[in-house]
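Secondary and tertiary structure notes
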Amino acid sequence: MPSLHHQGIRLAKAVLCATRAQRAGALLAVLAGAQVFGFTWKYPQPGTQWNCENAAGTLSQTTDVMEKTHSGYRTFPLTNTVGNPVLTTGGSAGQKELQTKVFSGIFTIDAPYLNFGLLAIGNEQLRVGAQYFGVRLWVEGTPVRAAGAHFNRQDKQIAYTKLCWDVREFLGKRASIEVTDDMQTAYLRLDAPHFSTQPEGFVVDALVRGKETYRPVFHLTSPYGWLNDPNGLFYLNGIWTAFHQTRDAKDHTYWRRAVSTDLVTWQAPPPAGDEFLLVQDGLSYWSGSVWVDEKNRLEMENADTATLLAFYTLATPEHKKARQQLDYCAHHRRSSHFPQWHQPPHLRDIPQDIPFLDEKGKMIFHPEWGLSQHMAYSLDGGQTWTPYTENPILPAQAHYFDRDPKVFFYAPSNEWFMWLHTSYNNSKRASTLTLFRSSDLKKWEKIQEISDLWECPDFFELPLDGDAKNKRWVLVHGTGDYFVGRFDREGFTAQARLQPGREHSRVYASQTFENAPEGRRVQLFWLQATQPDAFPSMPFVHQMTFPVELTLKTTPEGPRLFTNPVKEIEAYQKPLSDDGAKNFPKGVIVLKESDGALLDLELSIDVKNSTASEFSVVIGNERLSYNLKTQTLKPFKADEFTLAPEGDTLHIRILRDKASLEAFFNHGQKRNLQSVFENPNPLPQAHIEVSGGTLTLRQCRLSRLDISAP
């Protein structure tokens, strides 16, 4: 018999093929009378929240598919919100706004574990949408456990996860299950809830925000929903502020704020203050930057703190239509000028009243449908923002895909400069980073273009080898790769070829904090979750890398960036072992007490006196290996690369959080970043495997990171 997982996927695909009216009516029809735990699922207020009479229809085809697929299983649909707030049901003209929440009957908890499957069907862009809990367990009137839906990259419209709640502390008590779904274009389905004496899926709890089972502790995550590009990072009055891109339930993009006093623990402000500039429905606020104007150069209102200037790309509904038009033209004319988008054009309602290609197949640009660059200011440290009255500060150029302004003030010429990603077709082969210059943030002059660079520019100055009199400028683009060079009011001159900013890692959109104390340059990346089960049933997606401090050092190849974890992490180290010079014989050496989730491991290997041919560091399910003969390193989940020791010593440092591993080699010369998920709970102790001889260490320091989630 097919597994519950495969049957759920087949059901989901069948439901996706049905019409909206069929899906809605079928789900409502099958819901009535569904049996589990000996009780019948029901609506809290029949006929008020769900208009069952209007939802009836001729739905035999879809209903038959459900019965065939799930014959013999206790599976049933619970909620349906397609078309919210308007639902056309049963092919009739009736329309109704739905509040999609249902409760089970009352049952007794009579076994240690409550298992269930959670199936989500919908739009990939709304992986978790606005809903936070999804499914909650109530015990004697109090919510005590929760779980949420989570899509993955393998199947962007269907997600199925087997989950489990540990309910041993509630044995003998009366309980009920609540299911809520307020996503616009998705379904949430609970499958086969049942008790057992052992867990049969991921043991999760997403009830207390910030302390969910698999939420990282010292990596920045979103309170709920999507997270990507870091935006507008700055330091002011003892507070590190980081915005990041997120999405609402209508797929609008905006900035969400997080703050920290030490770069280790992060907190989101109260809900009323965590969204930046989401002031008009239908608009999206794309990536950008913040400049700390401590000298109040724009002569804004008087303030007790420095004026903050935020620069961002504003995307309108017209721009979205333009993208669809371009896709339509490319699809039907087979033009090479425009990229293909994920969703086939024939599935969209595409306006075709404005031409975007001429008779020769070349693009016609309509400025009102492009992307423009805007500014807002804050006088209270970033808690509230006011859009500049003369927006846009830079109107749409002759492209449809210009975005991600990095704006800074250059004191020697008393001028503002803006790096901007510019592209006419949104492909890497036809994209540039373009530099603009302005004396007043109102009129901009284009002065330079650097081709084949992609998105999210960052630009900053660093002393070379710590010499404040010998500085260089660094230009970084989306992947973290960078140029080192010189800058004046006429533009940037690179002094070496583009350098990799990291080795084989799933990171993107790096940005650094402005106005950091003591001239520090601290960097964040977006760390993408790529595993299907990276955060099972958690209400958030993705995380940021741990902040690193950048330094610029001279190497035989030229000046290079070095990256190391910020020093603030040291305050949380609780040493488990701190051994000096010692030899590890051939075999397995267990690092005692290393089974906790949060670790900081440093190894200094004496390459000259070691006779071993290879060693591996194994943490949980992940392995990092180094061949001392060939000097090749294979980091976690990545291809191997050459790494020569520093003199006679190879230095490795590894940080482990609940869902990530970050490795730093030779004091920041190389870096590997991976989002991982280690399911065994508790995790096994870390160990070192040595092959072919003895491994000589100058230092082996292991610390537990004693950090409490906020």
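Everything numeric in this text was worked out from a predicted model, so none of it was measured.

Each helix and strand in the chain was counted, giving five helices and 48 strands. Counting all 710 residues of the chain, 59% fall into the buried class. Sequence-distant contacts in the chain: of pairs separated by 6 or more residues, those separated by 24 or more amount to 67%. Of the roughly 29400 Å² that the chain leaves accessible, carbon and sulfur atoms contribute 47%.

Another point: unusual backbone geometry. Residue P392 is bonded to the preceding N391 through a cis peptide linkage, with omega at -5°. You can see P392 is positioned in the loop between strand 22 (386–387) and strand 23 (403–410). A positive phi angle, near 60°, is found at D452, a position not held by glycine. Tracing the backbone shows D452 in the loop between strand 26 (445–451) and strand 27 (458–464). D452 gets classed as exposed once you look at its relative accessible area, which sits at 51%. Positioned with a positive phi, Q631 is a non-glycine residue whose angle comes to about 55°.

This part takes up the confidence of the model for the chain. Considering every residue of the chain, the mean pLDDT works out to 77; 71% of them sit at 70 or more. Confidence drops under a pLDDT of 50 for residues 123–131, and excluding neighbours within four residues, the segment shows 38 contacts in the predicted structure. For the stretch residues 333–350, pLDDT sits under 50, and the model shows 39 contacts to residues farther than four places along the chain or on other chains.

What follows concerns the packing of aromatic side chains. Taken as a whole, this structure holds 26 aromatic pairs when the rule is applied. Measuring from ring centre to ring centre gives 5.3 Å for F408 and F459, while their planes differ by 45°; the resulting arrangement is tilted. With F408 in strand 23 and F459 in strand 27, this residue pair connects regions lying 51 residues apart in the sequence. Site record: aromatic cluster; members linked through ring pairs are F408, Y410, F417, W419, F459, W473, F487 and F492. Directly above the aromatic system of W454 lies the positively charged group of R403, at a separation of 5.4 Å from the ring centroid. Above the plane of the ring of F562 lies K553, whose end atom (NZ or CZ) is 4.8 Å from the centre.

Here we take up the nonpolar core. One finds F218, W240, W266, F513 and I707 to be the most contacted residues of the largest nonpolar core, which totals 44 residues. Mapped onto this core, the elements with two or more residues apiece are strand 15 (230–236), strand 16 (239–247), strand 27, strand 28 (467–476), strand 29 (482–488), strand 31 (507–512), strand 32 (522–527) and strand 34 (548–555). Beyond its immediate stretch of four places on either side in the chain, F513 contacts L233, F234, W240, T241, A242, L263, W266, R521, V522 and L524.

Going through the model one piece at a time under the given rule, you end up with 26 salt bridges. Through salt bridges that share partners, E415, R437, E445, R489 and E490 make up one connected network.

As a further point, take the side chain of Q523. For Q523, the location among the structural elements is in strand 32. Residue classification places Q523 among the buried residues on the basis of a relative accessible area of 5%. Beyond its immediate stretch of four places on either side in the chain, Q523 contacts S510, Q511, T512, F546, P547, V548, L550, T563 and R671.

Taken together, the four strands give an open sheet; going across it, the order is 23-24-25-26, and neighbouring strands pair in antiparallel fashion. If you trace the sheet from one side to the other, it starts and ends with strand 23 and strand 26, each paired once. If you compare each strand with its neighbour and ignore which way they point, the axes differ by 20° on average. Pairing analysis gives six bridges linking strand 23 to strand 24 (residues 415–423), with the strands arranged antiparallel. By the bridge assignment, V407 is partnered in strand 24 with M418.

Mapped onto the elements of the fold, L236 is located in strand 15. With 56 residues separating them along the chain, L236 and V292 place their C-alpha atoms 8.1 Å apart. Once residues within four sequence positions are removed from consideration, L236 is found in contact with V292, T305, A306, L308, G381 and N515.

The next subject is the sheet that holds strand 19 (residues 284–293). Across the sheet, which stays open at both edges, the four strands sit in the order 19-20-21-22 with antiparallel pairing between neighbours. Pairing within the sheet leaves two strands with one partner each, and these edge strands are strand 19 and strand 22. In the sheet, strand 20 (residues 307–315) pairs with strand 21 (residues 372–378) via seven bridges, with the strands oriented antiparallel. Note on strand 21: the bridge partner recorded for L314 is S372.

Right, let's get into the pairing of strand 35 (residues 558–565). Extensive coverage of strand 35 is indicated by the burial of six of its eight residues. Note that strand 34 and strand 35 share eight bridges and pair antiparallel. Looking at the pairing, T555 lines up with G558 of strand 35. The antiparallel pairing of strand 34 with strand 35 creates a hairpin that spans two residues between the two strands.

About the thresholds
Residues numbered from 1 in each chain as written. Predicted model: local features only at pLDDT ≥ 70, side-chain atom pairs only at ≥ 80, totals over all residues. Heavy atoms only, no water. Helix = DSSP H or I, 4+ residues; strand = E, 2+ residues; numbered from the N terminus. Buried < 20%, exposed > 50% of the residue type's maximum accessible area, 1.4 Å probe, protein only. Contact = heavy atoms within 4.5 Å. Areas by Shrake-Rupley, 256 points an atom, 1.4 Å probe, with all protein chains shown as cover. pLDDT = per-residue confidence, 0-100. Phe/Tyr/Trp six-rings, centres within 6.5 Å; stacked < 30°, edge-to-face > 60°. Lys NZ or Arg CZ within 6 Å of the ring centre and 35° of its normal. Core = buried A, V, L, I, M, F, W, Y, C linked by side-chain atoms within 4.5 Å. Salt bridge = Lys/Arg side-chain N within 4 Å of Asp/Glu carboxyl O. Pairing = 2+ DSSP bridges. Axes fitted to C-alpha atoms, helices over the stretch in contact; angles between N-to-C directions.

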